[in-house]
Every structure is written in structure tokens, then in C-alpha cells.
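Analysis of the macromolecular model
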Number of protein chains: 4
Amino acid sequence: MCRWIAYRGQPIALEQYVTAPAHSLIVQSLKALESTGSTNGDGFGLGWYDDQHEDPGLYREVRPAWSDENLRHLCRHIHSRLFFAHVRASTGTPTTRPNCHPFTHGRFMFMHNGQIGNWSLIRRKVEALIPDGLYRARIGTTDSEAVFLAILGMGGDIDPLGATMQTIATLTDIVNSSGAKDPLRFTATLTDGRDLYAFRYANNESANTLYYREVGESLLVVSEPLDMERSYWRPVPPGHVIVARAGQATRLEPFLGERRVAAE
Amino acid sequence: MCRWIAYRGQPIALEQYVTAPAHSLIVQSLKALESTGSTNGDGFGLGWYDDQHEDPGLYREVRPAWSDENLRHLCRHIHSRLFFAHVRASTGTPTTRPNCHPFTHGRFMFMHNGQIGNWSLIRRKVEALIPDGLYRARIGTTDSEAVFLAILGMGGDIDPLGATMQTIATLTDIVNSSGAKDPLRFTATLTDGRDLYAFRYANNESANTLYYREVGESLLVVSEPLDMERSYWRPVPPGHVIVARAGQATRLEPFLGERRVAAE
Amino acid sequence: MCRWIAYRGQPIALEQYVTAPAHSLIVQSLKALESTGSTNGDGFGLGWYDDQHEDPGLYREVRPAWSDENLRHLCRHIHSRLFFAHVRASTGTPTTRPNCHPFTHGRFMFMHNGQIGNWSLIRRKVEALIPDGLYRARIGTTDSEAVFLAILGMGGDIDPLGATMQTIATLTDIVNSSGAKDPLRFTATLTDGRDLYAFRYANNESANTLYYREVGESLLVVSEPLDMERSYWRPVPPGHVIVARAGQATRLEPFLGERRVAAE
Amino acid sequence: MCRWIAYRGQPIALEQYVTAPAHSLIVQSLKALESTGSTNGDGFGLGWYDDQHEDPGLYREVRPAWSDENLRHLCRHIHSRLFFAHVRASTGTPTTRPNCHPFTHGRFMFMHNGQIGNWSLIRRKVEALIPDGLYRARIGTTDSEAVFLAILGMGGDIDPLGATMQTIATLTDIVNSSGAKDPLRFTATLTDGRDLYAFRYANNESANTLYYREVGESLLVVSEPLDMERSYWRPVPPGHVIVARAGQATRLEPFLGERRVAAE
């Protein structure tokens, strides 16, 4: 199972939440390793926005994050007001840079913890959701990248929330009608460099976790709490989305709740 | 432009034609580098058959072949009666292991020097040639891997030559009708571990080169001569295929000659 | 903590003990991961002898073993009568190929689980044990490689057992007189392609484990048992060495037992 | 032969001189490849200073720079007032990250194009120049890293120019008295994050080139001109150093000129 964090707020060094000695993604991943034995050694990635460019910077690598000297340097020296970080546990696709999260396209960035049930069987149907013009941007083979491009193709550049909803609804139908026993799990986050959306959804009762925390004007969203003081972290209920639009208060909204129930 | 060699004959150490100081693929690639400046530093691969298994062994890596210590060791210690080696110059797809040649599936192995004109535009049509059952074996994003799986889907396991002919004919139609200005170039080789086929074809006058050489019962097929004594090497004319079936004399046959002319 | 296996006996495919689904080094490493949380993701290596060459083949890589497609292929297709495999957990030196075990020089091969207490302080003294002629073979920066070259310099090519004893005795003195609190732990194995020696030693009570198992004429030596049926495995007591010379019965001998006691 | 650039001046995106389509280090390296066939595919590195930290950021990688997606991203998104970039052509040491330039220690950064004649023979003598306290910072095996640490040990933190002079004078003596036929070539640059020194020296007539260019208050120093308009670039004579101290005009000074002559 992958782990990720997303940050939006005052510009900070990425290391604060990615590589710092305590309470960072990398350190907590190693602690998770110790307690649960689940490894996140199948590559990692980092994406961040700055004030010079609309499109984010991206650093992805196939080696384990914990031993990557470059990652430590980058997280110490890069500051950002909006960044994603992700450590990967492959669900079957090869460990290559293009298969590492986050994924970017123009000003959009996306990352995902979860899976699309029976991916190898329905992959072609999901890829068919990607319009021709965007299909050339598919440089990897993961389910997550396909979902991201499908969302953009569904109008994600104009209405990210609506397009994601429509894409995941369609995916739910595809997975359910495929007879797959493996669930569709979608704990993911999407941004255009300004607004941030973070989703917790599954087509059954097993949605992967999602938490968030607000300190002043800064928002931190995580797939799993970064430290043991879980009381600091507010869980997002299954079938909900965090909507954090620039200049607006962060709020929770239902996300495809009925669909899931209807599908069962 | 990629470079490759294929060998079939008495079992020999791979190093003889892959990494040895003179007249090997790696050394000749470096010489090509010196004379033409074309680099083959975008990954490489090695595939070989032994007597224990029907399926070949495979070693692919994204670092340049010339500095890979592992490659030198493997080529010194692995012996084979049938092997492929390939150094890659990317035509656009990322440098990942799954994008490196050769490609294998069951007992089949394939590698390619060339390109499919306007790949990013017609990619989806080419991928549609791959049957569902084989599509899950598509772990990379290259045109070459797609062509290989399309050939297998077209009946390549029963009639490799016929299936390749049919696939490349279909591809020619797709490329020609796409309005692509970039040609379809197919200098490739396919084997099932016993029989070996090597193709030289393009949908215009610019087919990439193909040479071969027989010494005793051993056959060496190369995209470009391994040494300067070109007189040793017999060129294959465009629109032809080397047919080297087990227990039969090696022969040249026309390959889609009329189609190419008809298409113009 | 690293894990390793050494095999000598009838030629077998490496996969049997390295990558096979049950009871192999890689799988047991992942199980160890689950139960203890100790990760072995800092590179790995494989060395093997064949009948064509005196010197062993070598494959070392910085990615985690569990996701390396090349490793699976090599272990399936390479057969050997004598091979080493090692998964690395760094004790501080960078994750590079030259820092991965096993180490080879000419016909000799060596690998190690353990550490040399306070390495960064006494490193220069240990490197000074390596003769000039061998120092150029030091292509990495680990303590383990330095010890290997020191053993060879101490006459390891003529009397491997004696040279190892002398080297480790000298190391014990260096570590003890350095005031290091970290111990010298030396669970290691050395071969010249014919005879195999496997050591269990520490300068205190905390020697890393060492086990072995004989089936017919085959010997398997492991840093930790490959499966849960520990009754199959015979532990080596601290301060002992397995001596497995070609054509002789495998036996245990004391190794520097008095020295350790004297040093305390 | 390696190639490098150093920049000091108004903060700019690294891409301007490292990865941009025209006149950048990477592109010119590829052009050099085309014209001379010399390849710089044995790793690369990037180091930069920002206003938050005294120590520089560092990104080093073993893949060729021309196909590294991460490098393009980093150079587009990182801005700096002082940075180094280096593409490596190995003179024998393995291609590992710790062997890639630039090298850093605290606030100091260094990179080098050249070689120390007969390195494998005199390596131990050169390493002996590094004080114990700094020897633990030697994480690679190159001659260049050893020289950098020797300079720091010789008082480089207080008097960088004097310490470099003393170190290279000592090295010249070591190389000359070793009977090495290979020269000592030292085209290198050193900075503490404020002042920058760039050296052109050899112990014979074959010093590698060094050029510079000033535009307004910005200084660009290169091992070889980045574009064909060589008239823009001012060559540094052999046996000279560029001294570019913060707040002072850039000037050329003799560097060990007499020593070289005396040595012949």
C-alpha cells in the first residue's frame, strides 16, 4: 500500500514533512515498516509548485526513498507553497520512473493510494476513457496514471471535482460489471496548482484511509497520519472529498456515496 | 538508431559478440559513436536460451551498456546456442527497463531497430491489434513491444512468418493512411527458441540495414556489421526476410515487397 | 542487518535458494521484513562459479532484490555448483554497486554480515592492512571489502583460513584499542571456487548467527535459516568456522575463541 | 573528458545554462559527442546555493544526463545565484553517485576536469594528504574527491587559494616522482558559496582548457565554450587561476607557473 502527503499553505521546505528526522513521510514509512512489515520500496516521487511556472517540478526515482541522497538534498533546498510526496508499493506494474507518483500534465498534478480491481482485465476499457489527444501523455502503465488522464479527458481542466466524480462513477461501473472481486479503491488527490481536492472512496466497505490537519492557513492531507498523535488528525469518512479551493475555507463534501450503495 | 545482433549456432559465451574487446556489439557501438556521433546510451538488453527452459533468460538495464559491470560478467559467464543483444537509442519513449529490447513472451523473443511513423498518433490503433489476453503482457510503452504482441496475437505462435507479414502489412496501411510523414521502418528479428526470422522492411526507400554471416553451422545476424571488414557480411535487400529454421539451410525470401510498392 | 546464503554441491539453478516462491533468500527476507521490520533494501548481489572460468560471475544492483526482474531471470537460468547471494542493509556506506556483496578478486569471493565497530574512525588503519598491489582493487568504500582485500593481502590465496584468522585477530586489536563501543562482528564466508570457509565471530557476546545444512553432498550455509523449520538447520557456535574443503567432510573448528576471551 | 560549467551572479534558473535547447551544457555535450565522439555518459551532477542554507543542494545520478527527466525538471524549477554542473566521462573509477561531481563538504563545493597521472599507483599517497577528521567524508573512490578533501585539509576553509596551491604543488611532486607518464591535469573550480576560484593547470604542456565570460555582474566559467561563438569566451592561460571574490572584480592570477617549469 502506498503512502502520500499533500501540503498547501505558507511556503516551506519540503523536508519538514517529507524527510525530516521526526514525523515525516519517509520516517513514518520506515516506522510503518517496523510495525506492519509493509514496505514502500518500489519507487517514490515528489512534485511541487513555485512562483515562476504554472507547471510543477517533478522528481521520481525507482530506488527506495530512505537511501536516496538526492531526495534529502532536494527536500532541504526546495521550498514550496503546494507539494505532493508519495512512496510506492507496487500492486503489480513494474518499478519504473513513469510508473511512480505523482503524475503531472500541464499545471495538473495527481497521486493515488489504492487500486482498480482486476486491472489487467479492464485496463483497456479504462484506457479507452482517455481521449486521443491525451493518450500520448501516457508514458507509464499504471492504473493510477490512466485514471488521472481519464479525469483530465472528462473535463478535469474546467471542473476537476465533477470530472473526477464522473470518471470514478464510470470506473465503478466497469469494475462492478467486470465481476472483479478486487475492489476499486481511490484515496487520491488532485490539484491545478491552486485548488486541491482529496478523495476517499471505494466501491465497497474497504476504503483506504485519509486524514487532514489545518494549522493556520496551511493544510496537510495524508493517506495515513505522520505521527502517533492521531488526535491531531481529522479522518475523512469514506465516500467524501476534501475541497480546498484557494481563498475558501476547507470543507468536506460527499463523494459518490449513493453510487457505492447503489452498486452493492 | 538502435543496434542489435542475433546469434544461433554452437553454444558460445555471449561475450564473443557482445562485449569482447574487438568486433563486439558494445565496442562497435562506441566506434559508431566516434564516427557518427549517434549514441546508443538509452538502455540495452540481452536475451538467451538454454537447455533447461523453453523461455529465454533476459537482462535489461537503463544505464549505458559500455559502463555496466554486470553486463561484462554475464556475457563472460553465460553460454548460449541462441541469443539476442540490443543497444537502444530512444525515439521518444522513456528509458525504462520494460522499454528496452529484447521483448519476450513465453518461448518467443523479439527485438527491433526502426520506428513506426507518427507513433504517438497511431499508437492506440496499433495497441488495438493486441488481443485482450496478450494485452496484460504489455508492461512498457514502446511501439516495438506493441508490434511484438500484435504479431503473437495474429497467430505468431503457430506461423511466425505469416503472422509477422500480416501484422506489418496492417501496420503499413495504418501508417500510410495516417498521413504520417515519418516512415514505418522494421529491421527486426523474431524467434521461438528454435527458428529465427530476421526482417528488413520499410514502407519507403529508407529501410534500415540488415546483414548476416554464416560460419559453419552458426548464423550471425546484425543490424550493422560488427567490424570494418564489410566483405564478410552479406547484406539483406530491403523487403526481404532471413528464414533460418532449425535443421534447414538459411535462405532469403521476399517480405511484403509488393505491398510497399503498392502503397506508394 | 544483511542476510546471505552460500551453496556448494551438485549444480542447481540459483533460483532454488535465491528467488523461488518458498524458502528462498528473497522470500525469507520479505518475511523477515514482516516479522522484524528490518529491511534489506540497500542493494544485493549474486556471485557464482562455472566450469569455463576460474573467476566467478557477479551481478550486483542497488535496487531492492524483491522487485528486480533481472534477478529473477538470472536465478532461473544460471546453474552453478558454488554460489553466494546477499541482500544488504547498509550500516552507513552509500548504496552503490561496488559497495554490494559479494566481493570478488581473481578466483576468490567473499561476503559478510556484520560490522567493524567505529568504522569511520579506524577505516584508515584497516585500509593500511591492504598491500599496495591490492589497494587498486578497492573500488568501493565498505568495511567488508577492506577486510576481504586485507585477508588476501595477508596470504589468503595460499592459506585462506590462516590469513582470515590473522586479519580478524589484527582487526580485533584495532577495534578494541580504538575505544569503540560498537563491536566487531564477522559472520562471513570466503571461497576460492573450491574450498569454502564460513565464520562466526564477534569480539563480544553478540556474534551474528550462522547456520548450515548438508543434504547428500550439498552444503548450504546461511546467516539465518531460510524457513521456519529451524530443526533442519545446525547452528554454528560463536568463535567457530565451517571448513568445507573439496573432497573432505565438512567440519567445525574453533576460530579465535581465546582471542575474544583474552580481549575482554 | 568531463565538461563542466560554474555560474555566479543574478539568480537564474539552472536550465539557462544546463539543459536549455541551445547553448547549454547538456546540449553542447551532445554536440561534442557528434563532432568528437567523446561521450559524457558516465553520470552527472548539479550543485547549487540558495539563501536559506550555507551548504549547497546536490543532485547526482549515474544515468546519462541527456535522458534524465528529473534533471530537466530540477533545472527548470531551481533558481540559484551560484551553481555548478558537470557531465562525467570516467577515467576508470566506477560509475556511482558518490563518484560524480560536484563534491560538497559543509559550505564548500568542488568539481574537476582532468586526471591525476597513474592514480591507481599513487592513490594511497594522495589519500594520506586527507586528515583523519575529513577522511570519513570520503564516500567515493575518485581522484577528484581525494584532491578536494586534501585541499580542505590543507586549510582550504581559511585560505582556499593558498590551500589549493599547496595541495596541487604537493600532488605535482608525487606524480612527477612516481615516474608516471600520465600527466597531472587540473581544470577545476572551488567555492565556499561566496568566492569562486577556477584553475587551469597541468604538470606538462597539456592543460585542459578553461574559459570564462562576464555579462554585467554575472560570471560564467566553463571547461569548454558552450557555443560556437568562441569570440565571446575568454580563454584562461595554462598555469592561471580565475579569482572571483564576492564584491571584487574578477581577475586572473598565475597559478603554480614556476613549479610546472621547475618540474620539467
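Here the residue index of a chain counts from 1 through its sequence in written order. Chains and ligands are labelled by the order in which they are written, letters from A for the one and numbers from 1 for the other. Given that this is a predicted model, residues contribute local features only at a pLDDT of at least 70 and side-chain atom pairs are listed and counted only at 80 or more, while totals for whole chains, interfaces and linings are drawn from all residues. The side-chain values count all of the structure's non-hydrogen atoms but skip hydrogen atoms and water molecules.

**Quick notes on the overall build of chain A**
- Helix and strand content of chain A: 8 helices and 13 strands.
- For this measure, only C-alpha atoms enter the radius of gyration; the expected value for a globule follows 2.2 Å times N^0.38, where N is the number of residues. Relative to a compact globule of 264 residues, whose C-alpha radius of gyration would be 18 Å, chain A shows 17 Å and is just as compact.
- Overall, chain A is about 45 × 40 × 40 Å in size when its C-alpha atoms are taken along their principal axes.
- Three exposure classes are used, based on accessible area relative to the maximum for each residue type with a 1.4 Å probe and protein chains only: buried under 20%, partly exposed in between, and exposed over 50%. In chain A, which comprises 264 residues, the share counted as buried stands at 62%.
- Considering only contacts within chain A whose residues lie at least 6 apart along the sequence, 65% involve residues at least 24 apart.
- Computed with the Shrake-Rupley method and a 1.4 Å probe, the accessible areas treat only the protein chains shown as cover for residues. Total accessible area computed for chain A in this model is approximately 9400 Å², and 50% of it derives from carbon and sulfur atoms.
- Of the side-chain charges in chain A, 27 are positive and 29 negative, and the distance between the mean point of each set is 3 Å. Each helix is a run of DSSP H or I of at least 4 residues and each strand a run of E of at least 2, with the numbering of both proceeding from the N terminus. By definition, residues are in contact when any of their heavy atoms lie within 4.5 Å. By the counting rule applied here, Lys and Arg register as positive and Asp and Glu as negative, while His and the ends of each chain are not counted. Charge coordinates come from a single atom per side chain, which is NZ of Lys, CZ of Arg, CG of Asp or CD of Glu.

**Thoughts on the packing of helix 6 (residues 143-156) of chain B against helix 7 (residues 160-177) of chain B**
All names here are of chain B.
- Lines fitted to the C-alpha atoms define the axes, with helices restricted to the stretch that makes contact. Angles between their N-to-C directions range from 0 to 180 degrees. Viewed as axis vectors pointing N to C, helix 6 and helix 7 meet at an angle of 125°, and their least axial separation amounts to 8 Å. Viewed along their axes, helix 6 and helix 7 adopt a mutual orientation that is oblique. When the axes of helix 6 and helix 7 are compared, the crossing they make is right-handed. On helix 7, the residues that touch V147, A150, I151, M154, G155 and G156 of helix 6 are P160, A163, T164, Q166, T167, I168, T170 and L171.
- Here the residues of the contact of helix 6 with helix 7 are counted per class, giving 8 nonpolar, 6 polar and no charged. Any angle that falls under 35 degrees is termed roughly parallel, while one over 145 is termed roughly antiparallel, one within 65 to 115 roughly perpendicular, and all others oblique. The sense of a crossing depends on the near helix, which, turned anticlockwise from the far helix by less than a right angle, makes the crossing left-handed and, turned clockwise, makes it right-handed. Side-chain classes follow a simple rule in which Ala, Val, Leu, Ile, Met, Phe, Trp, Tyr, Cys and Pro form the nonpolar group, Asp, Glu, Lys and Arg form the charged group, and the remainder, Gly included, forms the polar group.

**Concerning the interface of chain A and chain D**
- Counting from both sides, the interface comprises 22 residues of chain A and, opposite them, 22 residues of chain D.
- Here the buried area means the combined drop in accessible surface, using a 1.4 Å probe, for two parts upon being joined, counting both sides. Broken down residue by residue, the surface that chain A buries against chain D is led by A:N70, A:H77 and A:R97, which jointly contribute 31%.
- What counts as a salt bridge is simple: a side-chain nitrogen of Lys or Arg found within 4 Å of a carboxyl oxygen of Asp or Glu. At the junction of chain A and chain D, the tally comes to 8 salt bridges.
- The salt bridge partner of A:D68 is D:R97, with a shortest N-O separation of 2.6 Å.
- Of all the secondary structure elements, the ones that give two or more residues to the side of chain A that touches chain D are strand 3 (57-61) and helix 3 (69-77) of chain A.
- Considering every element that reaches the side of chain A that touches chain D, the biggest residue donor is helix 3 of chain A, with 6 residues.
- Considered class by class, the residues forming the side of chain A that touches chain D number 6 nonpolar, 7 polar and 9 charged.

**With respect to the relation of the copies chain A and chain D**
- Superposing copies: least-squares fit, C-alpha atoms only, residues required to have pLDDT of at least 70 in both. It takes a turn of 180° to lay chain A on chain D, together with a shift of 0.0 Å along the axis; the resulting RMSD is 0.0 Å. Taken together, these values place the two copies in the relation of a two-fold axis. When each C-alpha of chain A is compared by its distance to the rotation axis, A:I78 comes out closest, at 3.8 Å.
- When the interface residues of chain A are mapped onto chain D, 100% of them are again interface residues, pointing to one common binding face.

**A look at the state of the cysteines**
Residues and elements named next belong to chain B.
- Whenever a pair of cysteine sulfur atoms sits within 2.5 Å, that pair is classed as a disulfide. Scanning the entire structure with this criterion turns up 0 disulfides over all chains.
- Between C100, a cysteine without a disulfide, and C2, which holds the nearest cysteine sulfur, the sulfur-to-sulfur distance is 9.3 Å.
- Judged by its relative accessible area of 0%, C100 falls in the buried class.

**Side note on the pairing of strand 2 (residues 44-48) of chain B**
Residue and element names in this part refer to chain B.
- Here strand 2 lies mainly inside the structure; 5 of its 5 residues are buried.
- Along strand 2, one buried face is formed by F44, L46 and W48 and the opposite face, lined by G45 and G47, is buried too.
- A pair of strands is labelled paired if DSSP reports no fewer than 2 bridges between them. Relative to strand 3 (residues 57-61), strand 2 runs antiparallel, the two being bridged by 5 bridges. Bridge assignment links G45 to a residue of strand 3, and that residue is R60.
- Relative to strand 4 (residues 79-87), strand 2 runs antiparallel, the two sharing 5 bridges. In the sheet register, G45 faces strand 4, and the bridge partner there is H86.

**Quick notes on the sheet that holds strand 2 of chain B**
- One open sheet holds the 7 strands; their spatial order is 3-2-4-1-10-9-11 (chain B), and the pairing between them is antiparallel. Of all strands in the sheet, those with a lone pairing partner are strand 3 and strand 11 (234-235) of chain B, marking the two edges.
- Relative to strand 10 (residues 218-222) of chain B, strand 9 (residues 211-215) of chain B runs antiparallel, the two being bridged by 5 bridges. Bridged to B:V215 within strand 10 of chain B is B:S218.
- Docked against the sheet, helix 3 (residues 69-77) of chain C engages strand 2 and strand 3 of chain B, running at close to 150° with respect to strand 3 of chain B.

**A few points about the pattern of salt bridges**
All names here are of chain C.
- For the structure on display, the rule yields 52 salt bridges over all chains.
- Between R138 and E127 there is a salt bridge, with its nearest N and O atoms 3.0 Å apart. Here R138 is found in the loop between helix 5 (132-135) and helix 6 (143-156), whereas its partner E127 is found in helix 4 (residues 119-127), with 11 residues between them in sequence.
- By relative accessible area, which is 4% here, E127 ends up buried.
- Ionic pairing is found between E253 and R251, a salt bridge with its closest N-O pair at 2.8 Å.
- For R251, a relative accessible area of 32% corresponds to the partly exposed category.

**Observations concerning the confidence of the model for chain A**
Residue and element names in this part refer to chain A.
- Taken over all residues, the pLDDT of chain A has a mean of 90, while the share at 70 or more is 92%.
- Taking the mean pLDDT of every element in chain A, the minimum, 51, falls on helix 8 (residues 257-263) and the maximum, 98, on strand 5 (residues 103-105).
- Reported for the predicted complex are a pTM of 0.93 and an ipTM of 0.91. Each residue gets a pLDDT score, which is the predictor's confidence in that residue and runs from 0 to 100.

**Here's the deal with empty space enclosed by the protein**
- For each structure, a 1 Å grid was placed over the protein atoms alone; sets of points admitting a 1.4 Å probe that cannot get out are labelled cavities, open sets with protein on both sides within 12 Å along at least five of seven lines are labelled pockets, and lining residues have an atom within 4 Å of a point. Grid points are joined across faces, edges and corners, and a volume is the space filled by probe spheres set on the points. For the structure shown, the criterion picks out 12 cavities of 30 Å³ or more.
- One number sums up the size of the largest cavity: a volume of about 370 Å³.
- Residue lining of the largest cavity: 29 residues in total, with A:V62, C:E61, C:V62, D:E61 and D:V62 positioned closest to the centre.
- Split into classes, the residues belonging to the lining of the largest cavity amount to 7 nonpolar, 8 polar and 14 charged.

**Points about the packing of aromatic side chains**
- Side-chain rings of Phe, Tyr and Trp, where Trp is taken by its six-membered ring, are said to pair if the distance between their centres is within 6.5 Å; with planes under 30 degrees apart they count as stacked, over 60 as edge-to-face, and otherwise as tilted. Applying the stated rule across the entire model yields 34 aromatic pairs over all chains.
- Each ring, one from C:F199 and one from C:F255, has its centre 4.9 Å from the other, and the planes form 55°; the classification is tilted. Of the two residues, C:F199 sits in strand 8 (residues 196-202) while C:F255 sits in the loop between strand 13 (251-254) and helix 8 (257-263), which places them 56 residues apart along the sequence.
- C:F199 sits in the buried class, given a relative accessible area of 1%.
- Its relative accessible area of 0% is what places C:F255 among the buried residues.
- Cluster of aromatic residues (ring-pair linked, three or more members): A:F110, A:F148, A:F186, A:F199, A:Y201 and A:F255.
- A cation over an aromatic ring shows up here: B:R213 above the ring of B:W233, its NZ or CZ 4.8 Å from the ring centre.
- Charge-over-ring contacts are defined here by two conditions on Lys NZ or Arg CZ: a distance within 6 Å of the ring centre and an angle within 35 degrees of the ring normal. The aromatic ring of C:Y232 is capped on one face by C:R213, whose charged end is 4.8 Å from the ring centroid.

**Here we look at the environment of A:F255**
- Here the alpha-carbon distance between A:F255 and A:V241, two residues 14 residues apart in the chain, equals 5.7 Å.
- Discounting chain neighbours no more than four positions away, the residues touching A:F255 are A:T164, A:M165, A:I168, A:F199, A:Y201, A:G239, A:H240 and A:V241.

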